[in-house]
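Remarks on the overall topology
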Amino acid sequence: MSRSARLVVFLIGAGCVAAMFAVAFFKMPAFGGSMHLYRDLAVPASVSHYTANVVASVNFDQRAIDTLGEETILVASVIGAAVLLRPAEEEAEMRPKAVGRTLEATKLAGYLLLPVTLLIGLDVVLHGQVTPGGGFQGGVILATGLHLLYVTGSYRALDRLRPLELFDTGEAVGAAAFAGVGIAGIVVAGNFLANIVPGGTFGQLLSAGTVPILNGAVGLEVGCGIVVLVAHFLQQDIIISAQAEQAKPGGSSEPQAGERVGTAERS
Amino acid sequence: MTTGQLMPLMIAIPIVMACLILAAGSYLPRVVTDILATATAAGVAGMAAALLIHSGHSRVVTWLGGWRPARGVSVGIPLVADPLNAGLALLVAGLVSCALLYSWKYMESVSGRFFALMLLFLAGMEGFTLSGDVFDMFVFFELMGAAAYALTGMKIEDKTAVQGGLIFGVVNSLGAYISLFGVGILYSRFGQLGLPQLGAMLRQHRPDALVIVAFVLIITGFLVKAAMVPFHFWLADAHAVAPAPVCVLFSGVMVELGLYGAARVYWVAFGGTIPHADVTRAFIVFGALTAAVGAVMCFLQRHLKRLLAYSTISHVGLFMMGFAVLDDDGTAGAALYVVGHAGVKSALFLLTGILLNRYGNVDEHRLYGRARGDRLTACLYFAAALGLAGLPPFGLALGKSVTEDAVAVAGYGWAPVLFIAVSAVTGGAVLRAGLRVFGGLGPRPALESTAGAGEESTGGEEKPETGGLPRTPVTMLLAIGILLAGSLAAGLLPDAGQAFAHAAQRFTDAAGYISQALSHAGAAPPRPDPAVAWTGEGIGLDFLSVALALGVAFLGLYARRLPAALRRSAAPARPVIAVLRQVHSGHIGDYVAWLFTGIASLTALLGLPLL
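A separate point is the overall build of chain B. In terms of helices and strands, chain B carries 23 helices and 2 strands. Rg of the C-alpha trace for chain B: 23 Å, near the compact-globule value of 25 Å for 611 residues, within the 12% margin. Along the longest, intermediate and shortest principal axes, the C-alpha atoms of chain B span 70 × 60 × 50 Å. Each of the 611 residues in chain B was classed as buried or not, and the buried ones make up 65%. Across chain B, contacts joining residues at least 24 apart in sequence account for 84% of those joining residues at least 6 apart.

Structure (structure tokens):
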């Protein structure tokens, strides 16, 4: 279709869909109303399992299989990115030379923030059952913390302190642990993803039964998964595109552009 | 262990095994990975078989985490198996097993990740099939998607593979988000997400604008997956580039799961409020259009995988018509049709994969006469192609005759003509390709493209998926044999028809589903099962479609030798074909524009009669 034909077809369709949404929205209950069936069920259910954070209870206890599905989506996406971003047969991996300078102030801030960020990440993962947060949010913070190394130092520094194989394994272990806790529920209580651990004290760190365990599993999986994901994108951008630089007419010769490390050698 | 506990295991075990392969993949020898993955899928198939046997007596219900409903509402998520979705779960696991068996020695460069993705894909499909919760269905729908997009783009050396994966990802994700909007709108009103709870609430509810819009939006995502025209564009682009064993899962069952999702959500949640007549009309229109467009596009292809992909689109249209009549007969016929189709179509994709690995491309014209000496492959190919055209006693033929009869009885007397035409044209296209490739029949076709602007892909530049194999490995042939045998069994086993009738009867008994899921009451006394069996008339029509398919095939081969007067009579069709080709442009923007038009038409078909 020509550009304008496409626009016309789209606008006709999208106009109708917009009208549908408008009609449906006007039939929806007003925002902030006092009637809410699911809330009235979920809050007592959460309290009955000693979980102060009702959202955590919904995500990791009442509807835990949704979360199993969601964290598995992340695993599939990370594997997918790894597969699609792997060096193709004709692409070569180059080790980039350390170039550019980082401001001293940036370095200092980065090194100071690195432990702080990791601590905050751990805190968010561990307290998911009592305060907003949990494995997904905390895992992302942990992964971000590690990438402060990239900001402060160089790609090489990050590369050295980030054994990818280990993070690959960590991701798999985290994801499998979630499913494993679910299967343990069948063994102990006869129900998949049953809350089988003693509830503890409402509002305390040790509460909510399996919720903190599942949060930990998700934290491990998400933290490692994001590191692996970002690593593959960085690798594609920094290492593999280095060859394209070099292939440019008039570009610098090979030893100056970087050190050649072989073709498609990564597993 | 109870059967209810099997259902979550069918989701969890493939996830655990995928993680294991991912973590230990580089330390394990390749053959161990092969065996682990295949055994996992086969194990899930075994569990699905046990579930199927149990669900035949009474539905199997489990509320995960033990969050059972009280007074008809719950915070939890149920998994519910009746014979239809238990059978679908078995089909999923069976096809994944065959695809993995075929994949031994496959995709050397990414083996661990390939197997992990296949197992996650399995987990997603099983979750979607067994779930009795509309949001949970969305989650597993997304899991299927995430794995499927990556599996499509696997062959990154081929730029079109990445493009195909991207189109698939964008169009399907858009469909999924639209579904999510629908789920949200529904939840805002009812505060529940489980299908049985929603069904019980909606039964006492007038179908107002919110309900209609929510229904349309929810099923839009599923119909995108089911490749209904005009949501279908992604399918051919994705199938053309995906590795053959992945195509098996796409065509054999993933697309059909979209239909299952739409049918399940309608029957249980919305069936008591949106009138059956309106849904039947809308689904028949979409199904018939899909069947016709798919058949024409199928005949125009020379890229073998694209040809098979359009044949899938066309057949899904026919399945849709079976479900659309919303009775036991149509549902039983469609289910049988799906199973029979899965066997022969999967076999055809794997055979195409063998051609690709042996001869280096999948272009019907380039392969002309190349596979002449390959007797075994040729026999399997023609058996599957004739099966696709509707040859008894393949299960596909029985499903086709039951479905066309049910649609005709429901008041669409023209339906058998469409069914036979679609079988003849798609079967004919596949036979034509086979006669050229294996028989070297007809004049040598031109290698350069004859089509004008718009979609045309020859398949000449497709990359092989294995390092050159001296001969076809036994595991590949075994997988193809199992698939064909499965399709034959669906038509030949004496009780198969009755089993499908029983499954359909349970599937359409929404009241039974709701009461059993919510109160664990025993099954209501079942209505008598419909009669599903071979009939003389049905067999006659099946043979007619096979004969016509052979005619179409030879017409395709020798069209250039027809008298000029006869060829001129086809001239009026040319502009239609040119437009169809141009519409299938390969441009994501076009596909998105059509998607919105599709939603608008679906709403018009469903909503306008209720004004």
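Let's pick the thread back up.
Our next topic: the overall build of chain A. A count of helical and extended segments in chain A gives 10 helices and 2 strands. Ordered by position from N to C terminus, the α and β elements of chain A give α-α-α-α-β-α-α-α-α-α-α-β. Expressed as a percentage of the 267 residues in chain A, the buried residues total 40%. Counted over contacts in chain A with a minimum sequence separation of 6, partners at least 24 positions apart contribute 73%.

Further remarks concern the pairing of strand β2 (residues 78–81) of chain B. All names here are of chain B. Residue alternation in β2 divides its side chains into two sets, Pro-78 and Val-80 and Leu-79 and Ala-81, and both sets are buried. By the bridge criterion, 4 bridges tie strand β1 (residues 60–63) to β2 in an arrangement that is antiparallel. Across the sheet, Trp-63 pairs through a bridge with Pro-78, a residue of β2.

Another point: unusual backbone geometry. All names here are of chain B. Of the consecutive residues Val-229 and Pro-230, the connecting peptide bond is found in the cis state with omega at 5°. Structurally, Pro-230 is set in the loop between α8 (209–225) and α9 (233–241). Between Pro-392 and Pro-393 the backbone carries a cis peptide bond, its omega angle lying at 5°. Its place among the elements puts Pro-393 in the loop between α14 (375–389) and α15 (395–409).

Turning to the packing of helix α12 (residues 304–324) of chain B against helix α13 (residues 328–359) of chain B, a few remarks are in order. The relative placement of two packed helices comes down to the angle between their axes together with the axis-to-axis distance. Residues and elements named next belong to chain B. Two numbers describe how α12 lies on α13: the axes approach to 9 Å, and their chain directions differ by 175°. By the angle between their axes, α12 is roughly antiparallel relative to α13. In contact with Leu-304, Lys-305, Leu-308, Thr-312, His-315, Leu-318, Phe-319, Gly-322 and Phe-323 of α12, α13 contributes Gly-330, Thr-331, Gly-333, Ala-334, Tyr-337, Val-338, His-341, Lys-345, Leu-348, Phe-349 and Thr-352. Classifying every residue of the contact of α12 with α13 by side-chain character gives 10 nonpolar, 8 polar and 2 charged.

So, about the interface of chain B and chain A. Counting residues at the interface gives 61 residues for chain B and 61 residues for chain A. Of all the secondary structure elements, the ones that give two or more residues to the side of chain B that touches chain A are α1 (3–24), α4 (111–130), α5 (134–152), α6 (159–190), α8 and α23 (588–607) of chain B. Of the residues assigned to the side of chain B that touches chain A, the class counts are 40 nonpolar, 14 polar and 7 charged.

The next thing to look at is α6(B). Along its 32 residues, α6(B) runs 46 Å from first to last C-alpha, staying within 8% of the 46 Å computed at 1.5 Å per residue. B:Gly191 lies just past α6(B) and shows a positive phi near 65°.

The next subject is the environment of A:Gly121. Residues and elements named next belong to chain A. Mapped onto the fold, Gly-121 is located in helix α5 (residues 104–126). With 25 residues separating them in the primary sequence, Gly-121 and Leu-146 have C-alpha atoms 11 Å apart. Filtering out sequence-adjacent residues up to four positions away, Gly-121 remains in contact with Gly-138, Ile-141, Leu-142 and Gly-145.

Here chain B shows a mean pLDDT of 90. Residues at 70 or above account for 95%. Across residues 451–455 of chain B, where pLDDT falls below 50, the model places 12 contacts with residues more than four positions away in sequence or in other chains.

The rules behind these values
Throughout, residues of each chain are indexed from 1 in the direction in which the sequence is written. Lettering for chains starts from A, numbering for ligands starts from 1, and both go in the order in which the items are written. Only residues with pLDDT of 70 or above have their local features reported here, since the model is predicted, and side-chain atom pairs are shown and tallied only from 80 upward, although totals for entire chains, interfaces and linings are computed over all residues. Labels follow the DSSP assignment, with helices taken as runs of H or I lasting at least four residues and strands as runs of E lasting at least two, numbered in each case from the N terminus. Each radius of gyration reported is based on C-alpha atoms, and the globular scaling rule is 2.2 Å times the count of residues to the power 0.38. In this scheme every C-beta is placed from the backbone, and a residue whose C-beta has 20 or more other C-beta atoms within 10 Å is buried, one with 12 or fewer is exposed, and one in between is partly exposed. Any two residues are considered in contact once their C-beta atoms, placed from the backbone, lie within 7 Å. When DSSP finds two or more bridges between a pair of strands, those strands are recorded as paired. Note on method: axes are straight lines fitted to C-alpha atoms, helices fitted across the in-contact stretch only, with angles between N-to-C directions ranging 0 to 180 degrees. The labels follow the angle: roughly parallel below 35 degrees, roughly antiparallel above 145, roughly perpendicular from 65 to 115, and oblique for the rest. All amino acids are sorted into three groups, where Ala, Val, Leu, Ile, Met, Phe, Trp, Tyr, Cys and Pro are nonpolar, Asp, Glu, Lys and Arg are charged, and the leftover types, Gly among them, are polar. Here, expected helix span is obtained from the residue count minus one, scaled by 1.5 Å. Scored from 0 to 100, pLDDT reflects the predictor's confidence in each residue.

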